[in-house]
Amino acid sequence: MAQKKKRRLKKRYRVLKGVYITVVALAAVIVIGYALLKVAVPEPEMKQSTASSTSQDVENVPGMEAGNHTRKEQTYTFLLSCPDQVSGNADAIMLVTYDVPNQKIGMLSIPRDTLVDQSVPKINSSLHGGIENLREVVSDLVGFPIDFTISIDLDGFVELVDAVGGVDFDVPVEMYYDDPTQDLSIHFQPGMQHLDGQEAMEVCRFRKNGDGTGYPLGDIQRSETVRNLMVTVAKKLVSNIGKLDQFVDIMQRNIETDLSATDLTWFVTKAVGVNLDTGVTGNSLPGDGSTSYKGYSYCYELLPGESLQMINQLVNPFTTDLTPADVNIFQVNDSNGQGVRADASMFTLEEGTSSGTSTTTTTTPEYD
């Protein structure tokens, strides 16, 4: 009976987004680190090389150079992903950079249909080659090395929220959406209310109502809702550290990572100092989700200039900005339909987009 229930949950929640991954990953770092109870642990190693330069991992120390750039001291990068239980693709992909000295966390969602130069030109298919292949493809895209990977079975999100007794959350808009094929029924009135694990999942998953209404600002407002709920869950986790054994059990059953026990312990001693109200920022790479390439529809073609800007703002682990030569943003040539790596001339920003906070409007594919 328990196995059948688990299969139903996997089918129901296999298509959730990177925010859920971030919540569970943050929880894992906190609770597993505390469970180890070690007094002194060494500083984790950082990767030196980018995916485009060499596949050999080289031990790094603060201030070391990687190509034409120097890593910031104690600034680490993480690849968070969730496999689709049916297709084997990556159902959600997110990059996280943790600046330990400044206690800042930057999160960058990579749409799963992002256009890349490979036989199946969507980045989510890279997971078929294993997590290391996905790490290499993402690293090549963003132009910097990824220190650690975390892969999460999203059943853990429901269990985690239920384990802390649910959360109180201000639902920003009316939500009503039903999809019998996915056994999905989302019904919420706006306002403060208590959410259990499944309800928290539904609020995060909601995009629009059955009649097309929903968030007035679309994905911009939805992303804000998701981040607010993520922080709410993280705060509730920290305030319920007495349930440590239960949290650890959830993490052990739902997370695979190359972080060692000592790495986790080191990060938790630092991460408890992050102000979850002001120290966490996030966004999604901007682009156009209506592109076709090699017979594949709805590829998400990134906007080169705006994407590079966002990479530098949120997750760049170097002391200097990445340049067009560092990143690999694949584009479709409008004149002949051939794919090309974006050159420097393609990295101009759209009018009205400053060098500071991005205000780019993007076309988002309708995946859930």
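Quick summary incoming for the structure in this document. (Residues numbered from 1 in each chain as written. Predicted model: local features only at pLDDT ≥ 70, side-chain atom pairs only at ≥ 80, totals over all residues. Heavy atoms only, no water.)

Side note on the pattern of salt bridges
Then, number 1: With the rule as written, the count across this model stands at seven salt bridges.
Then, number 2: Where Lys122 meets Asp113, a salt bridge forms, and the shortest distance between an N and an O atom there is 3.9 Å.
Then, number 3: One salt bridge in this structure joins Arg135 and Asp258, with 2.6 Å as the shortest N-O distance. One end of the pair, Arg135, is in helix α3 (residues 131–142); the other, Asp258, is in the loop between β11 (255–257) and α8 (261–271), with 123 residues separating them in the sequence.
Then, number 4: Residue Arg135 is classed as buried on the basis of its relative accessible area of 9%.
Then, number 5: Note on Asp258: relative accessible area 33%, which makes it partly exposed.
Then, number 6: One continuous salt-bridge network, built from bridges that share partners, spans Glu132, Arg135 and Asp258. (Salt bridge = Lys/Arg side-chain N within 4 Å of Asp/Glu carboxyl O. Helix = DSSP H or I, 4+ residues; strand = E, 2+ residues; numbered from the N terminus. Buried < 20%, exposed > 50% of the residue type's maximum accessible area, 1.4 Å probe, protein only.)

Here's the deal with the packing of helix α4 (residues 155–163) against helix α5 (residues 197–205)
Then, number 1: Put simply, α4 and α5 touch, their axes get as near as 7 Å, and they point 125° apart. As judged from the angle between their axes, α4 and α5 are oblique. Classified by chirality, the crossing of α5 by α4 is right-handed. Mapping the contact onto sequence places Phe157, Val158, Val161 and Asp162 in α4 and Gly197, Gln198, Ala200 and Met201 in α5.
Then, number 2: Along the lines of polarity and charge, the residues of the contact of α4 with α5 split into five nonpolar, two polar and one charged. (Axes fitted to C-alpha atoms, helices over the stretch in contact; angles between N-to-C directions. Parallel < 35°, antiparallel > 145°, perpendicular 65-115°, else oblique. Left-handed = near helix turned anticlockwise from the far one by under 90°. Contact = heavy atoms within 4.5 Å. Nonpolar A, V, L, I, M, F, W, Y, C, P; charged D, E, K, R; others polar.)

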